[in-house]
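The primary structure of each chain is shown beneath.
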Amino acid sequence: MSFKKALDCYIEATNTHDFNNVKELLHPEAVYWFTDRTCTSLEEIGAYFNHAWDLIKEEVYSATNVQWLTVDETSATCIYTYHYEGYYNENFISGSGRATNVFTKVNNEWKLVHEHLSS
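The structure reproduced in this document is the subject of the present report. (Residues numbered from 1 in each chain as written. Predicted model: local features only at pLDDT ≥ 70, side-chain atom pairs only at ≥ 80, totals over all residues. Heavy atoms only, no water.)

**Observations concerning the overall build of the protein chain**
Argument step 1. If you tally the helices and strands in the protein chain, you get three helices and six strands.
Argument step 2. Mapped from its N terminus to its C terminus, the protein chain presents α and β elements in the order α-α-β-β-α-β-β-β-β.
Argument step 3. Whereas a compact globule of 119 residues would reach a radius of gyration of roughly 14 Å, the protein chain reaches 14 Å, a difference of no more than 12%.
Argument step 4. Projected onto the principal axes, the alpha-carbon positions of the protein chain cover approximately 45 × 30 × 25 Å.
Argument step 5. Split into buried and exposed, the 119 residues of the protein chain put 37% on the buried side.
Argument step 6. By sequence separation, contacts in the protein chain at least 24 residues apart represent 46% of the contacts at least 6 residues apart.
Argument step 7. As displayed, the protein chain offers around 7100 Å² of accessible surface, 47% of which is attributable to carbon and sulfur atoms.
Argument step 8. In the protein chain, 8 positive and 17 negative side-chain charges are present, and the distance between their average locations comes to 4 Å. (Helix = DSSP H or I, 4+ residues; strand = E, 2+ residues; numbered from the N terminus. Rg over C-alpha atoms; globule rule 2.2 N^0.38 Å. Buried < 20%, exposed > 50% of the residue type's maximum accessible area, 1.4 Å probe, protein only. Contact = heavy atoms within 4.5 Å. Areas by Shrake-Rupley, 256 points an atom, 1.4 Å probe, with all protein chains shown as cover. Lys, Arg positive; Asp, Glu negative; His and termini not counted. Charge placed at Lys NZ, Arg CZ, Asp CG, Glu CD.)

Put into structure tokens, the structure is as follows:
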């Protein structure tokens, strides 16, 4: 799988609302920077995802304007605009923000090692 396909698979996994699917694509030492919290373990990241999915029902996550800033044999970094939509307290909501993703190649597989989201 290419680094570009890894990003696509990550977004697809996110939209399953099953953290086990997301976790398969993460590096074991992944670090996430959200607007309101830093998560430094897979357990913390999973709890954050599950909480978000509980708050925003039927959430759909997507990425536009993806730009790959650096790519070499073992790492790839991209920035993009993220979009979400779903239902919060039974009302339709949507929003967007900025994202940075850093992938690293481990045992011939691209794994997400860092994500930084800001609104």
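**Some points on helix α3 (residues 42-55)**
Argument step 1. Taking 1.5 Å of rise per residue, 14 residues should cover 20 Å, and α3 covers 20 Å from first to last C-alpha, within 8% of that figure.
Argument step 2. Those residues of α3 that sit buried are Leu42, Ile45, Gly46, Tyr48, Phe49 and Trp53. Viewed along the axis of α3, the buried residues span an arc of 160°, placing them on a single side of the element. For α3, the exposed residues set more than 90 degrees away from the buried face come down to Glu43 and Asp54. (Expected span 1.5 Å × (residues − 1). Arc of directions from axis to C-beta.)

**Considerations on the sheet that holds strand β6 (residues 109-118)**
Argument step 1. A sheet is described by the order of its strands in space; here six strands give the open sequence β2-β1-β6-β5-β4-β3, paired in mixed fashion. Two strands close off the open sheet at either side, each with one partner strand: β2 (38-39) and β3 (57-71).
Argument step 2. The strands touched by helix α1 (residues 3-14) are β1 (26-33), β3, β4 (75-88), β5 (91-106) and β6; relative to β3, the strand with the most contacts, the crossing angle is about 165°.
Argument step 3. Lying over the sheet, α3 contacts β1, β2, β3 and β4, oriented at roughly 60° with respect to β1. (Pairing = 2+ DSSP bridges. Axes fitted to C-alpha atoms, helices over the stretch in contact; angles between N-to-C directions.)

**Side note on unusual backbone geometry**
Argument step 1. In this structure, Glu58 is a non-glycine residue whose phi angle is positive, near 55°.
Argument step 2. You will see that Glu90, though not glycine, has its phi angle at about 70°, which is positive.
Argument step 3. Position of Glu90 relative to the elements: it lies in the loop between β4 and β5.

**Digging into the side chain of Thr77**
Argument step 1. Residue placement: Thr77 occurs in strand β4.
Argument step 2. Overall, Thr77 belongs to the buried group, its relative accessible area being 17%.
Argument step 3. Contact partners of Thr77, with chain neighbours within four places excluded, come to Gln67, Trp68, Leu69, Thr70, Thr100, Asn101 and Val102.

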